[in-house]
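Each chain is listed here by its residues.
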Amino acid sequence: MTDDFFPEPFKIKMVERIKLKPKKERERLIKEAGYNVFMLKIEDIFIDLLTDSGTSAMSDNQWSGMFKTKQAYAGSDSYYSLEAAMKDVFGFKHFVPVHQGRAAENILFSTIITKGDYVPNNMHFDTTEANITRNGGIPVNLIIEDAYDTAKILLFKGNMDIQKLEKFIEEKTPDKIPLIMVTITNNGGGGQPVSMENIRQISNIAKKHNIPFFIDACRFAENCYFIQQREEGYKNKTIKQIAKELFSYADGCTFSGKKEALVNIGGMLCTNDEKLHTKLKNLLIIIEGFPTYGGMACRDLEAMARGIYEAIDDDYQKYRHAQMKFLADLLRKGGVPIVEPTGGHAVYVDARKFLPHIPIENFAAQALLAQLFIESGVRGAELGCSCFGKTDPKTGKFIPPRLDLLRLTIPRRVYTNNHMKHVANGLIELYKKRKEIKGLKRTYAPKLLGHFTAKFEPIK
Ligand code: F0G
């Protein structure tokens, strides 16, 4: 077996019927949805690559763990399973369970941010950015410049620019920075990994200035697999060993279990700081629930505890990355401009390169997303102008983000490579007739996280 081919290290025990509806109907459905794929119903979608979050297929091991869990308001056995898994794999001293990643973000930022504070990151994800902003903070992206060149091949294109970080701390002063974060892998920019060396450097800078360093660990195991494959000195280490080292450089992490704990709901907020933990716990009780369940049914904690171990399984990661490469290779062969190199949880299409004739303010990635649904019943996600675009508060003018990407996010253990072929065929067909694709005009969007409920109309 090579890296390009690693078969599913599992067999399929239960299936869900999916059906490709006629094209005419798909045209009607996307129009009724205001050209926003979040408004589509799952039964109208053939292959759903909207997200890898909460969409994993759980294992027999996870389901059986859920059945054996003792349901209790306080002291459930599943809390202790999760605590043991967190300590064994992540290695932090304390944690609180939360129902999903953004709840961890909300609890953390509302505890540590004072109005006007800055939170640097390699690249904030949309919910992270929104939770910082909502709590009066200013999110700042300090990723390496090369991350914005979608064709450039770099082993660790998710790295933070260390010089930018040092300059930023000097300029803003450490007391205005309650936290430095790094997101692994970088979801906002191609699912690209961060190297161990970069994590170590960030950690040293944070220590020097006495600033806590937190990792947004949603896709930590995929990132650790990239380190194993690409970074010197890690070839013979297991993903678990790499993860343990990686987390040892941080003071805490936010974690959405909906990704790499292979569950449909769940998350964690971890810290080594006992005083901070006490504050987080007290807020958790008010807004999520008692610390031994944190906004979930106790069975969800058990599924998460078991899923964490399944995600760090070396065979599972080999299969996962081989599937990602399978889709990326098909698209490359068809000429489709994708973000290079292949990401860890998704293949990203550079919509500005795919549709260079569409003006930036006419939402090329969003338009391509709608066309992909019409063409082949596939739902992708937009990580571009709709998701990350801003409005200038003074002039009211639209400020586009630097990248306009369509993300083909692969749910874990759900689709086969035949499904991937269908996805690639649809996109390649669209590439052949790309000149006919027109842009969109946005007719509605709320201020924060506007892309979820935005409405669009085609440009005539
Ligand atoms: N951080 C990152 C890097 C994420 O990708 C997400 C979610 C979150 C935080 C928030 O976690 O959804 O459990 O509240 N990303 C999903 C996605 C929604 O589709 O990329 P959550």
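Residues numbered from 1 in each chain as written. Predicted model: local features only at pLDDT ≥ 70, side-chain atom pairs only at ≥ 80, totals over all residues. Heavy atoms only, no water.

Engineer: An account of the environment of Lys31 is needed here, citing residue identities and associated values.
Structural biologist: Position of Lys31 relative to the elements: it lies in helix 1 (residues 23-32). Judged by its relative accessible area of 58%, Lys31 is exposed. Residues Lys31 and Gly307, 276 residues apart in the sequence, show an inter-C-alpha distance of 38 Å. (Helix = DSSP H or I, 4+ residues; strand = E, 2+ residues; numbered from the N terminus. Buried < 20%, exposed > 50% of the residue type's maximum accessible area, 1.4 Å probe, protein only.)

Engineer: Give me the lowdown on the nonpolar core, citing residues and values where you can.
Structural biologist: Core analysis: the largest hydrophobic core is formed by 65 residues, its most contacted members being Phe90, Ile180, Ile215, Phe220, Phe247, Met268 and Ile308. The next biggest cluster of nonpolar side chains, apart from the first, holds 51 residues, and it includes Leu50, Ala328, Leu408 and Phe456. (Core = buried A, V, L, I, M, F, W, Y, C linked by side-chain atoms within 4.5 Å.)

Engineer: Requested: an account of the sheet that holds strand 6 (residues 213-216), with residues and values cited.
Structural biologist: Within a beta sheet, neighbouring strands are joined by backbone hydrogen bonds and run either parallel or antiparallel to one another. Pairing is mixed across the open sheet formed by five strands, whose spatial order is 2-8-7-6-5. Unpaired on one side and paired on the other, strand 2 (94-98) and strand 5 (180-183) mark the two borders of the sheet. Shown here is a sheet whose adjacent strand axes are inclined to one another by a mean of 15°, direction ignored. The sheet contact formed by strand 7 (residues 252-256) and strand 8 (residues 267-271) spans five bridges and is antiparallel. Counted as the bridge partner of Cys253 is Cys270 from strand 8. (Pairing = 2+ DSSP bridges. Axes fitted to C-alpha atoms, helices over the stretch in contact; angles between N-to-C directions.)

Engineer: Explain the packing of helix 3 (residues 77-90) against helix 12 (residues 298-311) residue by residue, including any values.
Structural biologist: Viewed as axis vectors pointing N to C, helix 3 and helix 12 meet at an angle of 25°, and their least axial separation amounts to 8 Å. Of the possible angle classes, the one that applies to helix 3 and helix 12 is roughly parallel. The handedness of the crossing between helix 3 and helix 12 comes out as left-handed. Residues Ser78, Tyr79, Ser81, Leu82, Ala84, Ala85, Asp88, Val89 and Phe90 of helix 3 form the contact with helix 12, whose own contacting residues are Cys298, Leu301, Glu302, Met304, Ala305, Ile308 and Tyr309. Here the contact of helix 3 with helix 12 is built from residues that sort into twelve nonpolar, two polar and two charged. (Parallel < 35°, antiparallel > 145°, perpendicular 65-115°, else oblique. Left-handed = near helix turned anticlockwise from the far one by under 90°. Contact = heavy atoms within 4.5 Å. Nonpolar A, V, L, I, M, F, W, Y, C, P; charged D, E, K, R; others polar.)

Engineer: Now, about the domain arrangement of the protein chain: what can you tell me, with residues and values included?
Structural biologist: When cut into domains, the protein chain gives domain 1 (23-52 + 317-458) and domain 2 (60-311). Domain 1 and domain 2 are separated by 26 Å when their C-alpha centres are compared. In this assembly, 30 residues from domain 1 lie in contact with 39 residues from domain 2. Regarding the contact of domain 1 and domain 2, the summed buried area is about 2,800 Å², with carbon and sulfur atoms giving 56% of it. Ranking the residues of domain 1 by area buried against domain 2 places Gln317, Pro341 and Arg402 at the top, with a combined share of 20%. Between the two partners, domain 1 and domain 2, sit six salt bridges. Where Asp52 meets Arg219, a salt bridge forms, and the shortest distance between an N and an O atom there is 2.8 Å. Taken together, the connections running from domain 1 to domain 2 amount to 22 residue pairs in polar contact (both at pLDDT 80 or more). Contributions of two or more residues to the side of domain 1 that touches domain 2 are made by helix 13 (314-333), strand 9 (346-350), helix 16 (385-388) and strand 14 (405-409). The dominant element in the side of domain 1 that touches domain 2, judged by the number of residues it contributes, is helix 13, at four residues. Residue composition of the side of domain 1 that touches domain 2, by class: twelve nonpolar, seven polar and eleven charged. (Domains from an automatic or database assignment. Buried area = accessible area lost by both parts, 1.4 Å probe. Salt bridge = Lys/Arg side-chain N within 4 Å of Asp/Glu carboxyl O. Polar contact = N/O pair within 3.5 Å; in protein donor to acceptor, adjacent residues only side chain to side chain.)

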